[in-house]
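For reference, the chains in residue letters:
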Amino acid sequence: MSLADGVSVQDGVLAVGGVPLDRAFAALRRLEPGAGACWIYDLDLIEARARRFQAAFGPLGVHAGYALKANALPAILRRVRTAGLAAEAGSLGELRAAEREGFAAAERILNGNGRTAEEAEFAAREGVHSVNADHIGELDLLEAHAARAGSRVRVALRVNPGIATGGHDYVATGHEQAKFGVAAAEALEAWAARARWPHLKVDGIHLHVGSQLLEATPLEQAVETARQLAAESAGRGAPLGLVNLGGGFGVDYTGAGREFPLEAHAARLKGLLGALPLDRVMEPGRWMVAHAGVLLAQVLWVKRRRGAGEGSARRFIVLGAGMNDLIRPALYHAHHRIVPVRPRAGAHEPATVVGPVCESADVFERDVALPPLERGDLVALLDAGAYGAVMSSNYNGRGRLAELTVSGGRLTRVRAAEDAAALAARATEDTLDVG
Ligand SMILES: Cc1ncc(COP(=O)(O)O)c(C=O)c1O
């Protein structure tokens, strides 16, 4: 039985990529006896999804850069690169991670709304496919570094198109109040004045309207915005050469099968982009990796508490993973299905599943129906491959978790958990010279 793309039930036990999760956890505990949780990713599924994305959009001439922010694990980067994707970085750290994994200059797209001198220098010296500038002032910084390096950097201007998307406010990036992008009028002025930046090729438009979109309408509205602005800019004597449509392709976190209609969108884009003979870029993140990862956690405690006036006791399941590991429920009110790895017989009853962090927001799910669970049992939080481990922190003095991969049935620990020594390693006693 298959629960999500990457998770199946084999002989009553939950498995990722064919590896039973109870055995995976036991194997990890032999290396990390204190582990209370870990991440597991199915690399074969990631590569298959990357190839599916390429098959849908490659024929449209789309240069797809995998958004590292979704999950920048080196083993994952290698697989998306094998499938032919480029890399989209939102920071110097991600640019370097892409470079380390072999993405060449023409395969590195740089985003970010807080451009630094170091990022500009990297783009100018090491080379990138293009930089998406979030602010016109950024062009002077990029120009100075490109002039110094004797290079030419291609730039797309991120335009705030005023497009509202559904879903949580924190993943909507294209509406008027969002911090991202410049106004269309500013972009038009900058394209027309591009001779001011002789070491830049300011001929692109970038639009990323939001994340976790389950329908294509906002993305199609963005194409229409690009089409209108390209026509207007050409009319002002500054034709555009590049359109970057960002990412945003959503996945089904519910198990109900409501996914972003990837292939249907590609078919419609073919018509829409036909009228836009520009170089094309996309930046998919979540869609590629979300289904391919689980957060596997041990039950630390089962607590029952009866409130005043409450008929039955409330059941709390305390996991060895918390909001510092997977912050999506606390940050975005996101829901991840919680599935026992080896379900016990017995009636499903409501449970509030929480982490061990000292915060009331450290709740994964309230009143979810679950079978009996006992101390030491394992549960998996599904679809945790995107915006999971990359957003984890050391809050409450907790080390970040180990990350495991499965490929061809082989389980590998590709990142060890942070232990107490790793947590202490940044402490210093450096006297600073204040002049
Ligand atoms: C500029 C940009 N491009 C691409 C992405 C990837 O988006 P997603 O993971 O929704 O595909 C993001 C994420 O929000 C982004 O900010």
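The structure presented is a predicted model; accordingly, all values stated were derived computationally and were not measured.

Chemist: Looking at this model, I keep getting lost on the overall build of the protein. Mind explaining?
Modeler: Along its length, the protein carries 12 helices and 21 strands. In terms of overall size, the protein behaves like a compact globule, its C-alpha atoms giving a radius of gyration of 23 Å where 435 residues would be expected to give roughly 22 Å. Oriented by its inertia axes, the alpha-carbon framework of the protein measures out at about 70 × 60 × 50 Å. Across the 435 residues of the protein, 46% fall into the buried class. Considering only intrachain contacts with a sequence separation of at least 6, the fraction spanning at least 24 residues in the protein is 70%.

Chemist: Which parts of the structure should I look at to understand the sheet that holds strand β11 (residues 200-206)?
Modeler: To summarise the sheet geometry, strands pair through backbone hydrogen bonds and adopt either a parallel or an antiparallel arrangement. What the 8 strands build is a closed barrel, ordered β6-β7-β8-β9-β10-β11-β12-β13; its pairing is parallel. If you compare each strand with its neighbour and ignore which way they point, the axes differ by 30° on average. In terms of strand pairing, strand β9 (residues 130-133) meets strand β10 (residues 153-158) through 3 bridges, oriented parallel. For Ala-133, the partnering residue across the bridge sits in β10 and is Leu-157.

Chemist: Explanation requested: the site of the ligand in the structure shown.
Modeler: Residues in contact with the ligand amount to 16 residues; listed here are only the nearest, Ser-211, Gly-247, Glu-283, Gly-285 and Arg-286. For the shell around the ligand, a count of residues per class yields 5 nonpolar, 7 polar and 4 charged.

Chemist: It is not clear to me how the packing of helix α8 (residues 217-235) against helix α9 (residues 262-274) should be interpreted in this structure. Could you clarify?
Modeler: Packed helix pairs are characterised by how far apart their axes lie and by the angle those axes make with each other. It is at 11 Å that the axes of α8 and α9 come closest, and there the two elements cross at 15°. As the angle between them shows, α8 and α9 are arranged roughly parallel. In this structure, α8 meets α9 at a crossing whose hand is right-handed. Contacts between α8 and α9 pair Leu-219, Glu-220 and Val-223 from the former with His-265, Arg-268, Leu-269, Leu-272 and Leu-273 from the latter.

Chemist: Hey, could you run me through unusual backbone geometry in this one?
Modeler: Peptide bonds are trans in most cases, and residues, glycine excluded, mostly fall at negative phi. Look at Asp-11: it is not a glycine, yet its phi comes out positive at around 50°. With respect to the helices, strands and loops of the structure, Asp-11 is situated in the loop between β2 (7-10) and β3 (13-16). In the Ramachandran plot, Tyr-387 falls in the positive-phi region, its phi being about 55° despite a non-glycine side chain. Relative to the assigned elements, Tyr-387 resides in the loop between β19 (378-381) and β20 (402-407). By the C-beta count within 10 Å, which is 23 here, Tyr-387 ends up buried.

Chemist: What is the right way to look at helix α5 (residues 117-125) in this model?
Modeler: Each full turn of the α-helix corresponds to 3.6 residues, which orients residues three or four apart in the same direction. Along α5, the residues classified as buried are Glu-119, Ala-120, Phe-122, Ala-123 and Ala-124. On its buried face, α5 is in contact with α4 (92-100), β8 (108-110), β9, α6 (137-149) and β10. The positive-phi residue at the C-terminal boundary of α5 is Gly-127, with phi of around 95°.

Chemist: For this particular structure, what's the right way to read the nonpolar core?
Modeler: The nonpolar side chains of a soluble globular protein tend to be buried, and buried together. In this structure, Ile-205, Leu-295, Leu-296 and Ala-380 are the most contacted members of the largest nonpolar core, which totals 122 residues. Each of two domains, domain 1 (2-42 + 290-424) and domain 2 (111-284), supplies a minimum of three residues to this core.

Chemist: Before we go on, may I ask you to explain α6 in this structure?
Modeler: Over its 13 residues, α6 extends 19 Å from the first C-alpha to the last, a length consistent with the 18 Å expected when each residue adds 1.5 Å. Within α6 the residues assigned to the buried category are Glu-138, Leu-139, Leu-142, Glu-143, His-145 and Ala-146. The secondary structure elements touched by the buried residues of α6 are α5, β9, β10, α7 (184-192) and β11.

Chemist: Help me out: how do you make sense of the pairing of strand β5 (residues 37-42) in this one?
Modeler: On a regular strand, one side chain projects to one face of the sheet and the next to the other, so that they alternate. Of all 6 residues making up β5, 6 are buried, and the element is well covered by its neighbours. Pairing analysis gives 5 bridges linking β5 to strand β14 (residues 293-305), with the strands arranged antiparallel. The residue bridging Ala-37 from the neighbouring strand is Ala-297, located in β14. Where β5 lies against β20, 5 bridges are found, and the strand directions are parallel. Directly across from Tyr-41, in β20, lies its bridge partner Thr-405.

What counts, and at which threshold
Residues numbered from 1 in each chain as written. Predicted model: local features only at pLDDT ≥ 70, side-chain atom pairs only at ≥ 80, totals over all residues. Helix = DSSP H or I, 4+ residues; strand = E, 2+ residues; numbered from the N terminus. Rg over C-alpha atoms; globule rule 2.2 N^0.38 Å. Buried ≥ 20, exposed ≤ 12 C-beta atoms within 10 Å, placed from the backbone. Contact = placed C-beta atoms within 7 Å. Pairing = 2+ DSSP bridges. Axes fitted to C-alpha atoms, helices over the stretch in contact; angles between N-to-C directions. Near = placed C-beta within 6 Å. Nonpolar A, V, L, I, M, F, W, Y, C, P; charged D, E, K, R; others polar. Parallel < 35°, antiparallel > 145°, perpendicular 65-115°, else oblique. Left-handed = near helix turned anticlockwise from the far one by under 90°. Core = buried A, V, L, I, M, F, W, Y, C linked by C-beta atoms within 7 Å. Domains from an automatic or database assignment. Expected span 1.5 Å × (residues − 1).

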